[in-house]
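# Summary of the model geometry
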There are 2 protein chains.
Amino acid sequence: MAQETAPAGPESGASEPDPEPHPSGSRLAGLSDARLMLDRTSTVSRLADVLRAQIIEGALLPGTQLAEHAVADAIGVSRNTLREAFRLLAHERLVVHEPHRGVFVRTLDADDVRDIYATRRLVECAAVRVEGAPPEAVAEIRAAVDTAEVGVSEKRWNDVGTADLRFHSAIVALAGSRRLNDMMRRILAELRLVFHMMADPHRFHEPYVHRNAAIATLIEEGRTAEAVQALIVYLDDAEAQLLGGIAERSRLGR
Amino acid sequence: MAQETAPAGPESGASEPDPEPHPSGSRLAGLSDARLMLDRTSTVSRLADVLRAQIIEGALLPGTQLAEHAVADAIGVSRNTLREAFRLLAHERLVVHEPHRGVFVRTLDADDVRDIYATRRLVECAAVRVEGAPPEAVAEIRAAVDTAEVGVSEKRWNDVGTADLRFHSAIVALAGSRRLNDMMRRILAELRLVFHMMADPHRFHEPYVHRNAAIATLIEEGRTAEAVQALIVYLDDAEAQLLGGIAERSRLGR
DNA sequence: CTTGCCGGATTGCTCAACAATACGTACCGT
DNA sequence: ACGGTACGTATTGTTGAGCAATCCGGCAAG
């Protein structure tokens, strides 16, 4: 399942942050990142990408143990290389590393959800308020909404979820900060773990698609105060629904 | 220099993100992280802590190459173990990992400074505005100010810098979000790299101590709007000064 | 001065081994 | 039946060596 969806966004190299553009004054611009395109290698990076994609897609459910020897053999890499990849994923909070016990796909609790939504409320609302947002970010917001609506009409709920997170990434991109974008990408990846812990994941996205559209319009029209208000309501509702799902899940069989 | 200062804050385990507090409803609070205190082992964690402290204190200056074999031999750990620690630090952006070339202590440029301050403006100002801030966070703000003032009177500039960053960490803590705190700790650690790239690092902290005190008072009195305004001015000035320092540095011998 | 080539050094990754730790299970006394 | 102990096994933590791939510096040729 979930195998047919695109790998979402494993683009983040995560370890090569800077092309360090040479100070040469010559007109050779546009080549500064060519180096990165060339040696996109590094087994560890690709390994982390693969595992990240598997976790985000739900192929590896929260709580699953990732035994080193087994995974290393299955994928065909050395145990040491796998451990390096695990360190990255642990730093992204997609897996937890319990000493002498192993690494497990992260299981989030109610406190995590509350913390995630506290962060989202603060960052997303502040991003909407930022002056002089780059126009391509606004366009990206609209594009995400369109994608989500297509997904709804075709009942591709997984894609709807992806588009929803893309929508909120685009909102954060209004702030125009790379670090903020990275942080939010990681937090939204965490959020996918919560969805995978639920039954009927799609019901957590589908009702919000039209709200996203409304918020997008408000942003496009520069009505930031109203957009922020709508966003707060949105986030409160979504948080409450997820907390309800977690409570329900823990009530029955845990 | 800088050797006499305390290791600042190497507390962040960075790889064991969660004590995973057991859902047991019993009143055994405060013990959830006892497990971590016990097996505080893990060579990789301690190794990362050591390197992080060295970098943050300035013992390892930006641009320094950390050759695997040399460092591993010097510290007395295996090369594989060291590589795992490097992955952590690279993810924290304290070092850069250039494929087939090695890892270097990160060198930040003007764009990095702008990005860091864009993030700080957004996050810190929003944190001040958050309702219902935990009182211990406010107390921590005041404590940081006091420490900074003691540092000034004793001309311990390095401690003044540490206290300044502690002040801003405390401001972010007003939001009461663990993830936000972690992110800001990492960003402020990055900022220390910028300071180490400058001549006379202390002149970037000393003029701001009394401003911190004023902001702290405004926060304590609940005058958030004024506090935010003062914070924005503060951040703008600090950013401009750092950018000036970088420009100056790149003008002469790079 | 540029181009091409070579040798030395470093990194990327693998493999195998051993110590340290956690877990399941059988055993034991009460 | 219950709590505790001991033990064997499986997994992780860490090490060390080794080889291919890659980068860097220098040197020779054009």
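Residues numbered from 1 in each chain as written. Chains lettered and ligands numbered in written order. Predicted model: local features only at pLDDT ≥ 70, side-chain atom pairs only at ≥ 80, totals over all residues. Heavy atoms only, no water.

### Considerations on the sheet that holds strand β3 (residues 102-105) of chain B
Residue and element names in this part refer to chain B.
- Across the sheet, three strands lie side by side as β1-β3-β2; this open sheet has antiparallel pairing. Since the sheet does not close on itself, it has two edges, and those belong to β1 (65-66) and β2 (95-98), each with one partner.
- In terms of strand pairing, β1 meets β3 through two bridges, oriented antiparallel. When the bridges of β3 are listed, Gln-65 appears paired with Phe-104. (Pairing = 2+ DSSP bridges. Helix = DSSP H or I, 4+ residues; strand = E, 2+ residues; numbered from the N terminus.)

### Quick word on the protein's contact with DNA strand C
- Around DNA strand C, 22 residues are found, and the nearest of them are Thr-43, Thr-81 and Arg-101 of chain A together with Arg-79 and Arg-83 of chain B.
- Considering the 4 Å shell around the protein, atoms of DNA strand C inside it are sugar or phosphate in 75% of instances.
- The separation between a phosphate oxygen of DNA strand C and a polar side-chain atom of His-97 of chain B is 3.2 Å.
- Residue assignment for the surface near DNA strand C shows that the elements contributing at least two residues are α2 (43-57) and α4 (79-91) of chain A together with α4 (79-91) of chain B.
- Grouping the constituent residues of the surface near DNA strand C by class yields four nonpolar, twelve polar and six charged. (Near = heavy atom within 4 Å. Polar contact = N/O pair within 3.5 Å; in protein donor to acceptor, adjacent residues only side chain to side chain. Nonpolar A, V, L, I, M, F, W, Y, C, P; charged D, E, K, R; others polar.)

### Focus on the sheet that holds strand β3 (residues 102-105) of chain A
- In spatial order, the strands read β1-β3-β2 (chain A); together these three strands make up an open sheet with antiparallel pairing. Each having just a single partner strand, β1 (65-66) and β2 (95-98) of chain A make up the two edges of the open sheet.

### Considerations on the protein's contact with DNA strand D
- Taken together, 23 residues sit near DNA strand D, with Arg-83 of chain A together with Thr-43, Asn-80, Thr-81 and Arg-101 of chain B positioned nearest.
- Counted by atom, the contact set of DNA strand D within 4 Å of the protein is 73% sugar and phosphate.
- Arg-79 of chain B places a polar side-chain atom, nitrogen or oxygen, 3.0 Å from a base oxygen of DNA strand D.
- Residue classes in the surface near DNA strand D are distributed as four nonpolar, 13 polar and six charged.

### Quick word on the pattern of salt bridges
- Considering all chains together, one arrives at 51 salt bridges over all chains under this definition.
- In this structure, Arg-179 of chain A and Asp-115 of chain B form a salt bridge, with 2.8 Å as the shortest nitrogen-oxygen distance. Separated into two different chains, Arg-179 of chain A in helix α8 (residues 178-196) and Asp-115 of chain B in helix α5 (residues 110-129) make up a pair that spans both.
- Here Arg-185 of chain A and Asp-182 of chain A are joined by a salt bridge, their closest N and O atoms 2.7 Å apart. Here Arg-185 of chain A pairs with Asp-182 of chain A, and both are found in helix α8, just three residues apart, close to one helical turn.
- The network of salt bridges with shared partners includes Arg-178, Arg-179, Asp-182 and Arg-185 of chain A together with Arg-93, Arg-106, Asp-112, Asp-115 and Glu-190 of chain B. (Salt bridge = Lys/Arg side-chain N within 4 Å of Asp/Glu carboxyl O.)

### A short note on unusual backbone geometry
- In this structure, His-100 of chain A takes a positive phi of about 65° despite not being glycine.
- By the secondary structure assignment, His-100 of chain A is in the loop between β2 and β3.
- Residue classification places His-100 of chain A among the exposed residues on the basis of a relative accessible area of 84%.
- Even without being a glycine, Arg-93 of chain B presents a positive backbone phi close to 65°.
- Judged by its relative accessible area of 11%, Arg-93 of chain B falls in the buried class. (Buried < 20%, exposed > 50% of the residue type's maximum accessible area, 1.4 Å probe, protein only.)

### Digging into the packing of helix α6 (residues 135-153) of chain B against helix α7 (residues 157-173) of chain B
Residue and element names in this part refer to chain B.
- Running from N to C, α6 and α7 cross one another at 165°; their axes reach a closest spacing of 8 Å. Relative to α7, the element α6 is oriented roughly antiparallel. At the point where α6 passes α7, the crossing takes the left-handed sense. Here Ala-137, Glu-140, Ile-141, Ala-143, Ala-144, Val-145, Thr-147, Ala-148, Gly-151 and Val-152 of α6 come into contact with α7, specifically with Trp-157, Val-160, Ala-163, Arg-166, Phe-167, Ala-170, Ile-171 and Ala-173.
- The residue makeup of the contact of α6 with α7, split by class, is 14 nonpolar, two polar and two charged. (Axes fitted to C-alpha atoms, helices over the stretch in contact; angles between N-to-C directions. Parallel < 35°, antiparallel > 145°, perpendicular 65-115°, else oblique. Left-handed = near helix turned anticlockwise from the far one by under 90°. Contact = heavy atoms within 4.5 Å.)

### Quick look at the side chain of Glu-239 of chain A
- Structurally, Glu-239 of chain A can be placed in helix α10 (residues 224-251).
- Note on Glu-239 of chain A: relative accessible area 10%, which makes it buried.

### Some thoughts on the confidence of the model for chain A
- Of all residues in chain A, 84% attain a pLDDT of 70 or more, and the chain-wide mean is 87.
- Here residues 1-25 of chain A is a poorly scored stretch, pLDDT under 50, and it has 35 contacts once near neighbours within four places are set aside; other chains count. (pLDDT = per-residue confidence, 0-100.)

### Structural notes on the side chain of His-91 of chain B
- Inspection of the secondary structure assignment puts His-91 of chain B in helix α4.
- Overall, His-91 of chain B belongs to the buried group, its relative accessible area being 10%.
- A polar atom in the side chain of His-91 of chain B sits 3.5 Å from the side chain of Glu-92 of chain A.

### Here's the deal with the environment of Ala-48 of chain A
All names here are of chain A.
- As for its position among the elements, Ala-48 is in helix α2.
- Ala-48 gets classed as buried once you look at its relative accessible area, which sits at 1%.
- Here the alpha-carbon distance between Ala-48 and Phe-86, two residues 38 residues apart in the chain, equals 7.3 Å.
- If we ignore the near neighbours within four places in the chain, the residues touching Ala-48 are Ala-85, Leu-88 and Leu-89.

### Quick notes on the nonpolar core
- If you look at the biggest cluster of nonpolar residues, it comprises 141 residues, and the most contacted ones within it are Leu-242 of chain A together with Leu-242 of chain B.
- Among all residues touching Leu-242 of chain A, those that are not within four sequence positions of it are Val-113, Tyr-117, Leu-191, Val-194, Phe-195, Met-198 and Phe-204 of chain A. (Core = buried A, V, L, I, M, F, W, Y, C linked by side-chain atoms within 4.5 Å.)

### Description of the packing of helix α5 (residues 110-129) of chain A against helix α7 (residues 157-173) of chain A
Residues and elements named next belong to chain A.
- Following both chains from N to C, one finds α5 and α7 inclined at 60°, their axes separated by 7 Å at the closest point. Comparing the axis directions of α5 and α7 gives the class oblique. Of α7, the residues touching α5 (which contributes Arg-120, Val-123, Glu-124, Ala-127 and Val-128) are His-168, Ile-171 and Val-172.

### Some points on the packing of aromatic side chains
Residues and elements named next belong to chain A.
- Within this structure, the stated rule accounts for four aromatic pairs over all chains.
- Ring geometry for Tyr-208 versus Tyr-234: centroids 5.0 Å apart, planes at 50°, classification tilted. Of this pair, Tyr-208 sits in the loop between α8 and α9 (209-220) while Tyr-234 sits in helix α10; the two residues are 26 residues apart in sequence, bridging distant segments of the chain.
- A residue is classified by how much of its surface remains accessible, and Tyr-208, at 4% relative accessible area, is buried.
- Note on Tyr-234: relative accessible area 2%, which makes it buried. (Phe/Tyr/Trp six-rings, centres within 6.5 Å; stacked < 30°, edge-to-face > 60°.)

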